[in-house]
Amino acid sequence: MGFAIAFWAIGFGASSVSSAGGAKRPPNFVVIFADDLGFGDLSCYDSRGIETPNIDAVAQQGFRSTDFFVPANVCSPSRAALLTGRYPMRCGMPVARHESESKYDRYGLADDEMTIPELLKPAGYRTLMVGKWHLGMEVDGSHPLDAGFDEHLGIPSNYGKQRGPNYNTLYRGRQVEQRNVPCEELTKRYTDEVIQFIQRCKDQPFYIYVSHHIVHSPLLPSAGFVGKSGKGKYGDFVQELDHSTGRIMAAIRDAGIDENTLVVFTSDNGPTIAGSTGGLNGGKYCTMEGGHRVPGIFRWPGMIPADQVSNTTLTSMDLLPLFCGLAGVMPPEDRKIDGKHILPILLGQSTESPHKVLYYYNGTNLQAVREGNWKLHLPRTARDQPFWSKKKMKGRGFVELNEHRLFNLRADVGETQDLASRYPDVVARLKQRADEVRGELGDVDVTGTDQRMIELVDPQER
């Protein structure tokens, strides 16, 4: 018996609400995925952060991770990893799309990658995606509907003229809903759509993926939030995100499905210079912790105990096996899933991470390997870097590195004290781990044995 079916068999179904016919049903899943939100931007993570009472309440009522890893430091690969449970190099989406460049015309999420909504469908789930897709919506086979979602409302990518002629076109499925939609309207439109979906689908299991544009630039909060935070437009934007979260949580309660709904709140990568890493080094675009360690909050009343704060390492890739297990469906067995079994950790029954080794890629370049609290940064040149990281800029971390750098994250989460000369055995062990994953997932000039072909020429270049 696989662990997915085992979850259901040992009684998780008994915690679910009854349908009209009296039968038990699996839980609902809601993933709220912020964009460029930093580890220190929320007040529940940093007392100096922006006041976020609704998100704080979600954390207080459930499980807050202080070691939540996303396997990419930019948008597209992080989204692909969440939906597939696989490292971006494994699922073929290691770099961010740029819609204005013709080289990306065929670059999107492969239609034979198995996603969360596709896997939940046999268990009777209705699924909705709202917001930013950024996985090739205009590429054949890469639309949200092709990826298994039943319903969709959103725009293709980032909101900006440099993202092509449809940057401000709102789509419902494959049809145009509205052209020239103001950025300031998007968060409310998405939140309204989520609430209406909850009201319509409350009597069947559902999965909602809320892929926000907030707090990615342009910083254009709606009128009701401008000037409210006292921390500029970035702070106002974060508070609009918080307000949206509060409305979604209220809709779940009003629908009477609070105790049968698992809500996950996280971010796609670390912040730009506008946000806060909460003391971590680096940020978006680099493989320091500030680029890959983000908020990770789980709430499920009656199942996940409240007031948990955990430093056990979890990842966004764990959502696929978690949801499959709770829905009673098997993850795909014909491919490797990098996400792991984390339910005992969320339930407070274990503090041991299932992730023995983590791999930090910057585009197609393997730049760091982590084992427990040890993190080894690997040598690199500017040529190795993806286009977003080639220039030395504040917060970009190690653009060029001539030698290995070793850090103990338990004692030095800011990655400031190099211990490589003191622990040569650890360096040697992690170099071996790097060689192993390079052979499996590839590198700039290496094709891995389990690396999906990337539909790009010179993927590290724009």
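Source: prediction; values computed, not measured.

(A) Region of the structure containing the side chain of R380. As for its position among the elements, R380 is in the loop between β14 (374–377) and β15 (405–408). D384 provides the closest opposite charge to the buried, salt-bridge-free R380, at an N-O distance of 6.9 Å. Here the side chain of R380 touches H377 through a polar contact of 3.3 Å, side chain to side chain. Of note is the side chain of R380, whose polar atom sits 3.1 Å from the backbone oxygen of F398. What R380 contacts, discounting residues up to four positions off in sequence, is T287, N365, Q367, Q385, F398, V399, E400 and L401.

(B) Structural view of the packing of helix α6 (residues 183–201) against helix α7 (residues 232–254). Contact pair α6 / α7: the axes reach a minimum separation of 9 Å and the direction vectors enclose 10 degrees. As the angle between them shows, α6 and α7 are arranged roughly parallel. Two secondary-structure elements touch here, α6 through E184, T187, K188, T191, D192, V194, I195 and I198 and α7 through E240, S244, R247, I248, A251 and I252. By residue class, the composition of the contact of α6 with α7 is six nonpolar, three polar and five charged.

(C) Quick peek at the packing of aromatic side chains. This model, assessed by the stated rule, comprises 18 aromatic pairs. Between F29 and F323, the ring centres sit 4.2 Å apart and the planes meet at 15 degrees, which makes this aromatic pair stacked. Of this pair, F29 sits in strand β1 (residues 28–34) while F323 sits in helix α9 (residues 319–327), and the two are 294 residues apart along the sequence. For the pair F29 and F323, one class covers both residues: buried.

(D) Spotlight on the nonpolar core. In this structure, W133, Y207, Y209, L262, F298, L322 and F323 are the most contacted members of the largest nonpolar core, which totals 55 residues. For this core, the element with the most residues is α9, which contributes seven residues. If near-sequence neighbours (up to four positions away) are discounted, L262 is found in contact with N28, F29, V30, F298, R299, W300, I304, L322, F323 and L326.

(E) Structural context of the environment of Q162. Turning to its location among the elements, Q162 is positioned in the loop between β4 (151–155) and β5 (170–172). Note on Q162: relative accessible area 48%, which makes it partly exposed. As a C-alpha pair, Q162 and V30 span 132 residues in sequence and 31 Å in three-dimensional space. Once residues lying within four places of it in the same chain are set aside, the contact partners of Q162 are H98 and S100.

(F) Just the pattern of salt bridges, in detail. A complete count under the given rule lists 39 salt bridges for this structure. A salt bridge links R293 to E289; the shortest N-O distance between them is 2.9 Å. The buried category is assigned to E289, whose relative accessible area is 2%.

(G) Examining unusual backbone geometry more closely. Of note, the amide linkage connecting I214 to V215 takes the cis form, showing an omega dihedral of 5 degrees. Relative to the helices and strands, V215 is located in the loop between β7 (206–211) and α7. Look at the link from S217 to P218: it is a cis peptide, with omega at 0 degrees. Looking at where P218 falls in the secondary structure, it is placed in the loop between β7 and α7. For Y285, which is not glycine, the phi torsion reads 85 degrees and is therefore positive. Tracing the backbone shows Y285 in the loop between β8 (261–267) and α8 (289–292). For E415, which is not a glycine, the phi torsion comes out positive at approximately 55 degrees. Counting through the fold element by element, E415 comes out in the loop between β15 and α11 (424–441).

Conventions we followed
Numbering of residues starts from 1 in each chain and follows the order in which that chain's sequence is written. Two thresholds apply to this predicted model, a pLDDT of at least 70 for residue-level local features and 80 or more for giving and counting side-chain atom pairs, whereas whole-chain, interface and lining totals are computed over all residues. Excluded from the side-chain calculations are hydrogens and water; all other atoms, namely the structure's heavy atoms, are used. Numbering of helices and strands starts at the N terminus; helices are DSSP runs of H or I of at least 4 residues and strands are runs of E of at least 2. Exposure categories follow from relative accessible area, calculated using a 1.4 Å probe and restricted to protein chains: below 20% of the type maximum is buried, above 50% is exposed, and the middle band is partly exposed. Charge assignment: positive for Lys and Arg, negative for Asp and Glu; neither His nor the chain ends contribute. When a carboxyl oxygen of Asp or Glu lies within 4 Å of a side-chain nitrogen of Lys or Arg, that pair is called a salt bridge. N or O atoms within 3.5 Å of each other form a polar contact, as long as, within protein, one can give a hydrogen and the other can take it, and as long as residues adjacent in sequence are counted only when both atoms are side-chain atoms. By definition in these notes, contact holds between two residues if any of their heavy atoms fall within 4.5 Å. What counts as an axis is a line fitted to C-alpha atoms, over the stretch in contact for a helix, and the angles between N-to-C directions run from 0 to 180 degrees. Here roughly perpendicular refers to angles of 65 to 115 degrees, roughly parallel to angles under 35, roughly antiparallel to angles over 145, and oblique to all remaining angles. Classification used: nonpolar for Ala, Val, Leu, Ile, Met, Phe, Trp, Tyr, Cys and Pro, charged for Asp, Glu, Lys and Arg, polar for all others including Gly. Aromatic pairs are defined between Phe, Tyr and Trp rings, using the six-membered ring for Trp, whenever the two ring centres lie within 6.5 Å; interplanar angles under 30 degrees are classed as stacked, those over 60 as edge-to-face, and all others as tilted. Buried Ala, Val, Leu, Ile, Met, Phe, Trp, Tyr and Cys residues that are joined via side-chain atoms within 4.5 Å together make up what is termed a nonpolar core.

Everything listed is a geometric property; what it means functionally is a separate question.
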